[in-house]
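Each chain, written out:
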Amino acid sequence: MSVSASPLSLSSVVTTLRAAGCVFAEDEAALLLATAGTPAELAAMVERRVAGLPLEHVLGWAEFCGLRVHVGPGVFVPRRRTEFLVQQAVGLTPIPSVVVDLCCGSGALGAALAAALEGVELHATDVEPAAVRYARRNVGGLGKVYEGDLFAPLPDSLRGRVDVLLANVPYVPTGDVELLPAEARIHEPRVALDGGGDGLDVMRRVAAEAPRWLAPGGSLLVETSERQAARAEEAVGSGGLIPRVMTSDELYATVVIGTRPVD
Ligand SMILES: C[S@@+](CC[C@H](N)C(=O)[O-])C[C@H]1O[C@@H](n2cnc3c(N)ncnc32)[C@H](O)[C@@H]1O
């Protein structure tokens, strides 16, 4: 149910959000009004947004690849640019196929891929219990979600059978974390952002182990920044995968794809 005749009108919410520094105050106000079930809920949501919580944490969902993905405190909000990684994955996923979403966060990537294609056997993992809880909710009956470090919680039976390995790992260099917008820096877990000295520590670990899990011809897809692309390509290639870099000007996104050679 949305709030149409509440004590907080659209214009008063816009004014409050604008005063708090929200750049897209009109759009945000419309979303808050459409999502709140009661005037009291709307007032509480506006208060949380004014206090600096990410809009998606306040709403309880983020839009990703046309899906409403549940998110909340302690969970990374899937970014629109990451839709490019999913678009690339759709073109690389055979039917039927085994797909792993590593460092899955809310589970958005795997859920979007499994929703787009029939015949996907989906497995997702994350180290953060809060992420795993949200991922289980978002993935639902589309797959299984495990808690643990990278590949460790996956069933051994997947070794050498994974057709597509989605891995939007943390890739912000440690020294740049403090430069992130407050919404990310304060409200998203550090483990979701900090990729180590040059930002590529987790990616290197994934790339080193990926060839043992990928099927011949299977592909790893990782997101990176334009600035890191050359080093990310090298990291993906160093484990024995054949790397290539794909970019989207529209989504301002860079993805490295590493393919296991067919023996
Ligand atoms: C940048 S977020 C991406 C989340 C999700 N893939 C997305 O794009 O919305 C990175 C995720 O990696 C998880 N993570 C970090 N280190 C990990 C590790 N060693 N093993 C498993 N998950 C890890 C974090 O908890 C976080 O959910």
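With an unreviewed UniProt entry as reference, the protein is termed peptide chain release factor N(5)-glutamine methyltransferase, source organism Streptomyces finlayi. Of the comments in the UniProt record for the protein, the one headed Catalytic activity (unreviewed entry) reads "L-glutaminyl-[peptide chain release factor] + S-adenosyl-L-methionine = N(5)-methyl-L-glutaminyl-[peptide chain release factor] + S-adenosyl-L-homocysteine + H(+)".

Draft legend 1. Inspection of helix H10 (residues 229–238) at higher detail. Buried within H10 are the following residues: Ala232, Ala235 and Val236. Mapping the buried residues of H10 onto a view down its axis gives an arc of 95°, with all of them on the same face. The elements touched by buried residues of H10 are helix H9 (201–213), strand E7 (214–224), strand E8 (242–248) and strand E9 (253–259). At the exit of H10 stands Gly240, carrying a positive phi of roughly 110°.

Draft legend 2. Quick peek at the UniProt feature "domain: Methyltransferase small" (unreviewed entry) in the protein. Using the residue numbers shown here, the UniProt feature "domain: Methyltransferase small" (unreviewed entry) corresponds to residues 82–204. Counting secondary structure, residues 82–204 comes out at 33% helix and 20% strand; the distance between its end C-alpha atoms is 19 Å.

Draft legend 3. Just the domain arrangement of the protein, in detail. The domains assigned to the protein are domain 1 (10–70) and domain 2 (80–259). When each unit is reduced to the centre of its C-alpha atoms, the spacing between domain 1 and domain 2 is 28 Å. The partner domain 2 presents 14 residues to the 9 residues of domain 1 that form the contact. Considering every element that reaches the side of domain 1 that touches domain 2, the biggest residue donor is strand E2 (residues 67–70), with 3 residues. Broken down by class, the residue content of the side of domain 1 that touches domain 2 amounts to 6 nonpolar, 3 polar and no charged.

Draft legend 4. The arrangement of the sheet that holds E7 in detail. Ordered in space as E5-E4-E3-E6-E7-E9-E8, the 7 strands form an open sheet in which the pairing is mixed. Two strands close off the open sheet at either side, each with one partner strand: strand E5 (143–147) and E8. Between one strand axis and the next, the sheet turns by 20° as a mean value, whatever way the strands run. Inspection of the sheet shows E8 paired to E9 by 7 bridges, in the antiparallel sense. Bridge assignment links Ser248 to a residue of E9, and that residue is Ala253. Its contacts with the sheet put H9 on strand E3 (97–102), strand E6 (162–167), E7 and E9, and the angle it makes with E7 is roughly 165°. The sheet contacts of H10 involve E7, E8 and E9, and relative to E9 the element is tilted by about 20°.

Criteria and thresholds
- Residue numbers run consecutively from 1 along every chain, following the written order of its sequence.
- Residues qualify for local features only when their pLDDT is at least 70, as the model is predicted, and side-chain atom pairs are given and counted only at 80 or more; totals for whole chains, interfaces and linings, by contrast, use all residues.
- UniProt positions are given in the numbering used here, feature names are shortened, and annotations may be inferred rather than shown by experiment.
- To assign burial, the other C-beta atoms lying within 10 Å of each residue's own C-beta are counted, with C-beta atoms placed from the backbone; 20 or more indicates buried, 12 or fewer indicates exposed, and intermediate counts indicate partly exposed.
- Runs of H or I in DSSP of at least four residues are treated as helices and runs of E of at least two as strands, each being numbered from the N terminus.
- It is the directions from the helix axis to the C-beta atoms that the arc portrays.
- The contact rule is simple: place each C-beta atom from the backbone, and if two of them lie within 7 Å, those residues are in contact.
- Segment limits for the domains were obtained from an automatic or database-derived domain assignment.
- Throughout this entry, Asp, Glu, Lys and Arg are counted as charged residues, while Ala, Val, Leu, Ile, Met, Phe, Trp, Tyr, Cys and Pro are counted as nonpolar. The remaining residues, Gly among them, count as polar.
- DSSP calls a pair of strands paired once it identifies at least 2 bridges connecting them.
- Between N-to-C directions, angles cover 0 to 180 degrees, with each direction set by a line fitted to C-alpha atoms, over the stretch in contact for helices.

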